[in-house]
Amino acid sequence: MSHSLRLGVNIDHVATIRNARGGRHPDPVQAAKVAVDAGADGITAHLREDRRHISDNDITRLIKEISVPLNFEMAATEEMLAIALGHNPHAACIVPEKREERTTEGGLDAIGGFDYLKPYVARLGEAGIRVSLFVEPDPAQLDAAVSLGAPVVELHTGAYCEAVGSEHERQLRRVQEAAAHAAKVGLECHAGHGLTFDTVAAVAVIPTIVELNIGHFLVGEAIFIGLEDSIKRMRSFMDQARSGDAGQRSA
Ligand code: PXP
């Protein structure tokens, strides 16, 4: 099913749990299939340089076995580029990656890294892979994405999700303004990182955002209500917000 606001489910942390013990359980590819049945429009997976969660074999299986587009999150390295070109996923999202970080802690610096990033954006694009850049909600970063020839940006919502009080409002305004700027400069706009049942509606209601990528919270919530229900609830908060019914969160 296709929605005006798409949900990409990130299954990295199913693999985190699997890898805590080795072996095959829980299987992120099985989780991806549950996600699709629960209303995901796409699956997102980040193959990290250190393979701390998703493995090369997971990517091979996702490409073969899932029925929706795969968004391959990758650092701009020759190794990841070769893997992306070998699999030809629907989309690739270029993210910054530091070995010591616990998660993707900030957006890509599309301004400072312009010359470095340019060939990666070009080579992925030439292969027909839809390229997005995971950037802070900062108009200058979006302008750099345009100059790099990336058709899509994903706005990092981590600072908005983590902030409290007036800072939370300020960070939300940054996301709103960046999403409006994206439309003005002709970029397709996605958003993600740190989104929860409590924080998703304010982002989902922004009309120029067409895709949210959500992972950690959904997998965590699956412990309490199951993966299918956690995705269905997220989907319904997104849909309610989009249809002007935000604030109708029910228990
Ligand atoms: N989008 C991007 C580009 C990411 O790197 C991540 C985290 O891997 C997400 C979305 C999902 O973030 P979270 O797991 O916090 O929902």
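Scroll up a little and you will see the structure.
The structure displayed is predicted, hence computed values, not measured ones.

### Observations concerning the sheet that holds strand E7 (residues 188–192)
Move 1: Strand order in the closed barrel formed by eight strands is E1-E2-E3-E4-E5-E6-E7-E8, and the pairing between neighbours is parallel. Along the sheet, successive strands turn relative to each other by an average axial angle of 25°, direction set aside.
Move 2: Bridge count between strand E4 (residues 91–94) and strand E5 (residues 130–135): four bridges; the pairing is parallel. Paired with Ala 91 across the bridge in E5 is Arg 130.
Move 3: Across the face of the sheet, helix H5 (residues 114–126) comes into contact with strand E3 (70–74), E4 and E5 while running at roughly 170° to E4.

### Brief notes about helix H6 (residues 139–148)
Move 1: Three or more residues of H6 are buried, namely Gln 141, Leu 142, Ala 144, Ala 145 and Leu 148. End-on, the buried residues of H6 take up no more than an arc of 160°, which puts them together on one face.
Move 2: In the core, the buried residues of H6 are packed alongside H5, E5, strand E6 (152–156) and helix H8 (165–184).
Move 3: Sitting at the amino-terminal end of H6 is Asp 138, which places a side-chain oxygen 2.9 Å from the backbone nitrogen of Ala 140.
Move 4: Taken from the residues just after H6, Gly 149 is the one with a positive phi, measuring 85°.

### Things to note about the packing of aromatic side chains
Move 1: On inspection of all chains with the given rule, the structure shows three aromatic pairs.
Move 2: Ring plane angle 45° and centroid distance 5.4 Å describe the contact between Tyr 116 and Tyr 120, whose orientation is recorded as tilted. With Tyr 116 and Tyr 120 both in helix H5 and four residues apart, this pair spans about one turn of that helix.
Move 3: Judged by its relative accessible area of 6%, Tyr 120 falls in the buried class.
Move 4: With a centroid separation of 5.2 Å and 65° between ring planes, the pair formed by Phe 197 and Phe 237 is classed as edge-to-face. Here Phe 237 lies in helix H11 (residues 227–242) and Phe 197 lies in the loop between E7 and helix H9 (200–204), a separation of 40 residues in the sequence.
Move 5: For Phe 197, a relative accessible area of 5% gives the class buried.

### What to know about the packing of helix H10 (residues 216–225) against H11
Packed helix pairs are characterised by how far apart their axes lie and by the angle those axes make with each other.
Move 1: Interhelical geometry of H10 versus H11 gives an angle of 125° and a closest axis separation of 7 Å. The pairing of H10 with H11 is recorded here as oblique in orientation. Note on packing geometry: the crossing formed by H10 with H11 is right-handed. Listed contacts from H11 to Phe 217, Leu 218, Glu 221, Ala 222 and Ile 225 of H10 are Leu 227, Asp 229, Ser 230, Ile 231, Arg 233 and Met 234.
Move 2: Looking at the contact of H10 with H11 residue by residue, the classes come out as seven nonpolar, one polar and three charged.

### Side note on the site of the ligand
Move 1: Surrounding the ligand, one finds 14 residues, the nearest of these being Glu 73, Glu 154, Gly 194, Gly 215 and His 216.
Move 2: Within the backbone of Gly 194, a nitrogen or oxygen atom sits 2.8 Å from an oxygen atom of the ligand.
Move 3: A class-by-class count of the residues in the shell around the ligand yields four nonpolar, seven polar and three charged.

### What to know about the pattern of salt bridges
Move 1: A complete count under the given rule lists 16 salt bridges for this structure.
Move 2: When the shortest N-O distance is used, the salt bridge between Arg 51 and Asp 56 registers 2.6 Å.
Move 3: A relative accessible area of 22% places Arg 51 in the partly exposed class.
Move 4: Taking relative accessible area as the criterion, Asp 56 reaches 34% and is therefore assigned partly exposed.
Move 5: For Arg 130, the salt bridge identified is with Glu 211, shortest N-O distance 4.0 Å. Residue Arg 130 is found in strand E5, and its partner Glu 211 is found in strand E8 (residues 209–214); the two are separated by 81 residues along the sequence.
Move 6: Through salt bridges with shared partners, one network takes in Arg 6, Arg 130, Glu 188 and Glu 211.

### Observations concerning helix H2 (residues 28–38)
Move 1: Of all the positions in H2, only Pro 28, Val 29, Ala 31, Ala 32, Ala 35, Val 36 and Ala 38 are classed as buried.
Move 2: For H2, the elements touching its buried residues are strand E1 (6–10), helix H1 (12–21), strand E2 (42–46), helix H3 (56–65) and H11.
Move 3: The N-cap residue of H2 is Asp 27: its side-chain oxygen and the backbone nitrogen of Val 29 are 3.0 Å apart.

### Concerning the layout of surface pockets
Move 1: Its volume calculated, the second largest pocket comes out at about 200 Å³.
Move 2: Looking at the second largest pocket, the residues that line it are Val 14, Ile 17, His 25, Pro 26, Asp 27, Gln 30, Ala 31, Val 34, Val 219, Ala 222, Ile 223 and Leu 227.
Move 3: Secondary structure elements with two or more residues in the lining of the second largest pocket: H1, H2 and H10.
Move 4: Looking at the lining of the second largest pocket, its residues break down into nine nonpolar, two polar and one charged.

Definitions and limits used
- Residues numbered from 1 in each chain as written.
- Predicted model: local features only at pLDDT ≥ 70, side-chain atom pairs only at ≥ 80, totals over all residues.
- Heavy atoms only, no water.
- Pairing = 2+ DSSP bridges.
- Helix = DSSP H or I, 4+ residues; strand = E, 2+ residues; numbered from the N terminus.
- Axes fitted to C-alpha atoms, helices over the stretch in contact; angles between N-to-C directions.
- Contact = heavy atoms within 4.5 Å.
- Buried < 20%, exposed > 50% of the residue type's maximum accessible area, 1.4 Å probe, protein only.
- Arc of directions from axis to C-beta.
- Polar contact = N/O pair within 3.5 Å; in protein donor to acceptor, adjacent residues only side chain to side chain.
- Phe/Tyr/Trp six-rings, centres within 6.5 Å; stacked < 30°, edge-to-face > 60°.
- Parallel < 35°, antiparallel > 145°, perpendicular 65-115°, else oblique.
- Left-handed = near helix turned anticlockwise from the far one by under 90°.
- Nonpolar A, V, L, I, M, F, W, Y, C, P; charged D, E, K, R; others polar.
- Near = heavy atom within 4 Å.
- Salt bridge = Lys/Arg side-chain N within 4 Å of Asp/Glu carboxyl O.
- 1 Å grid on protein atoms, 1.4 Å probe; cavity = no way out; pocket = protein on both sides within 12 Å on 5 of 7 lines; lining within 4 Å.
- Points joined across faces, edges and corners; volume = space filled by probe spheres on them.

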